[in-house]
Amino acid sequence: MTGFSPTRLDRWRAGLADHVERGSAPGLVALVDRGGETHVAVAGGLTRDTLFRISSMTKPVTAVAAMALVEDCALRLDDPVDDLLPELAGVRVLRELGAAVTDTVPLGRPISVRDLMTSTFGHGQLMAPPGTYPVQAALAEIGLEPGPPQPSLVPPADEWLALLGSVPLLAQPGASWFYNTAYDVLGVLIARASGTSLSDFLAARVFGPLEMFDTGFSVAPQSLHRLPTAYAGTSVFDPPSGQWSAPPPFESGAGGLVSTADDYLAFGRMLLSGGGEVLSPASVALMTQDQLTPGQKTGGGFLDFSRFGWGFGMSVVTRRTDVFTTPGRFGWDGGLGTSARMDPALDVTTVLMTQQLWTSPTGPLLVHDADVWAYQAVL
């Protein structure tokens, strides 16, 4: 028995194609899957095996890798990270977010693995106009201002972490949710705890078992023809021969991966199935539940906590407010034009891939409409 209406799937495909024709994106690949029944929509001259810079959709992948180390007992969620990340062991903390960079207090307690997993370790991108807080200038100086990933411009991991440790934390560990930076730190932690590179660990524990052979931190020369230009508006942000055409100095656990729609579908289906050969069902359940306290949701983030929570590396729907917001649905987006969500209640996975920097309501509108059309097709 099919899980979708053929007529409504046609509506899904036509709507996505219309978005491309109207200029919402230069092209796209979308998948919708229910229980292993997968349908594809392709528009704008792309192909199903097109490679995409998935930016922040890297975060759930990094979270899975960290949970693999937790299951190995190589990491423990409530252990301090001081031994593996000594650059952060004695970092100072701003007295308050609006304080001068020199107005600091000591750490109230060490940073834990859990703080990194929940993005509450005390650092992150401040989504505020430049100059709102004194610390923004110091963050910008070390490359931590908000913006799309630029892997070729980030120094190697040891140097980057030392720079991060030179700027005070924005809040005490465990106090507030801040976006992005925790997952770059978590990537360094994974590499040091495993004794190998982040890319090698991901290949061994995630990509290999799931046959995600097109996913990595750069694109091989023979595959660059499958990587489209990434745009910011009508301007080129990154050409195929650009920043993802060679291994980066820093493997960003927050936003560095390239992947395909089918590779990411395999990742999403693994989570929906309870972890398969990658993780246990208990670990998947932990990752995909809201892990934040009410107090942690009042910090410097941008997530709409009236409708969403945050698990490990991804958002979790907490309240039905739209056709597609099934409570418990989880996943995340990438700022260079990608999105993926998994719905345990309906056994539905949606993947949307394009390469258009989300700098205006046009991008989120495409994501919204793609989700509505996918869900109206479900029987």
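Up top is the structure these notes are about.
Residues numbered from 1 in each chain as written. Predicted model: local features only at pLDDT ≥ 70, side-chain atom pairs only at ≥ 80, totals over all residues. Heavy atoms only, no water.

A. Examining the side chain of His 39 more closely. Within the secondary structure, His 39 is located in strand β2 (residues 37–43). A polar side-chain atom of His 39 sits 2.7 Å from a polar atom in the side chain of Glu 37. Residues contacting His 39, with those up to four places away along its chain left out, are Phe 4, Leu 9, Trp 12, Arg 13, Ala 30, Leu 31 and Val 32. (Helix = DSSP H or I, 4+ residues; strand = E, 2+ residues; numbered from the N terminus. Polar contact = N/O pair within 3.5 Å; in protein donor to acceptor, adjacent residues only side chain to side chain. Contact = heavy atoms within 4.5 Å.)

B. View of the packing of helix α2 (residues 58–71) against helix α8 (residues 261–272). One can describe the packing of α2 onto α8 by two numbers: an axis separation of 12 Å at closest approach and a directional angle of 50°. When the interaxial angle is binned, α2 and α8 end up oblique. The crossing of α2 and α8 is left-handed. Contacts from Pro 60, Val 61 and Val 64 in α2 reach Tyr 264, Phe 267, Met 270 and Leu 271 in α8. Here the residues of the contact of α2 with α8 are counted per class, giving seven nonpolar, no polar and no charged. (Axes fitted to C-alpha atoms, helices over the stretch in contact; angles between N-to-C directions. Parallel < 35°, antiparallel > 145°, perpendicular 65-115°, else oblique. Left-handed = near helix turned anticlockwise from the far one by under 90°. Nonpolar A, V, L, I, M, F, W, Y, C, P; charged D, E, K, R; others polar.)

C. Here's a closer look at the packing of aromatic side chains. Overall, the coordinates contain seven aromatic pairs when judged by the stated rule. Their ring planes at 35° and their centres at 5.0 Å tell us that Trp 160 and Phe 250 sit as a pair that is tilted. Of this pair, Trp 160 sits in helix α5 (residues 157–165) while Phe 250 sits in the loop between β7 (235–238) and β8 (258–259), and the two are 90 residues apart along the sequence. There is no split in this pair, since Trp 160 and Phe 250 are both buried. Consider the rings of Trp 310 and Trp 332, whose centres lie 5.0 Å apart with planes at 85°: the pair is edge-to-face. With a gap of 22 residues between them, Trp 310 in strand β9 (residues 308–310) and Trp 332 in strand β11 (residues 330–334) connect regions that are remote in the sequence. Of the two residues examined, Trp 310 and Trp 332, each falls in the buried class. Ring pairs connect the aromatic residues Trp 177, Tyr 179, Phe 305, Trp 310 and Trp 332, which therefore count as one cluster. (Phe/Tyr/Trp six-rings, centres within 6.5 Å; stacked < 30°, edge-to-face > 60°. Buried < 20%, exposed > 50% of the residue type's maximum accessible area, 1.4 Å probe, protein only.)

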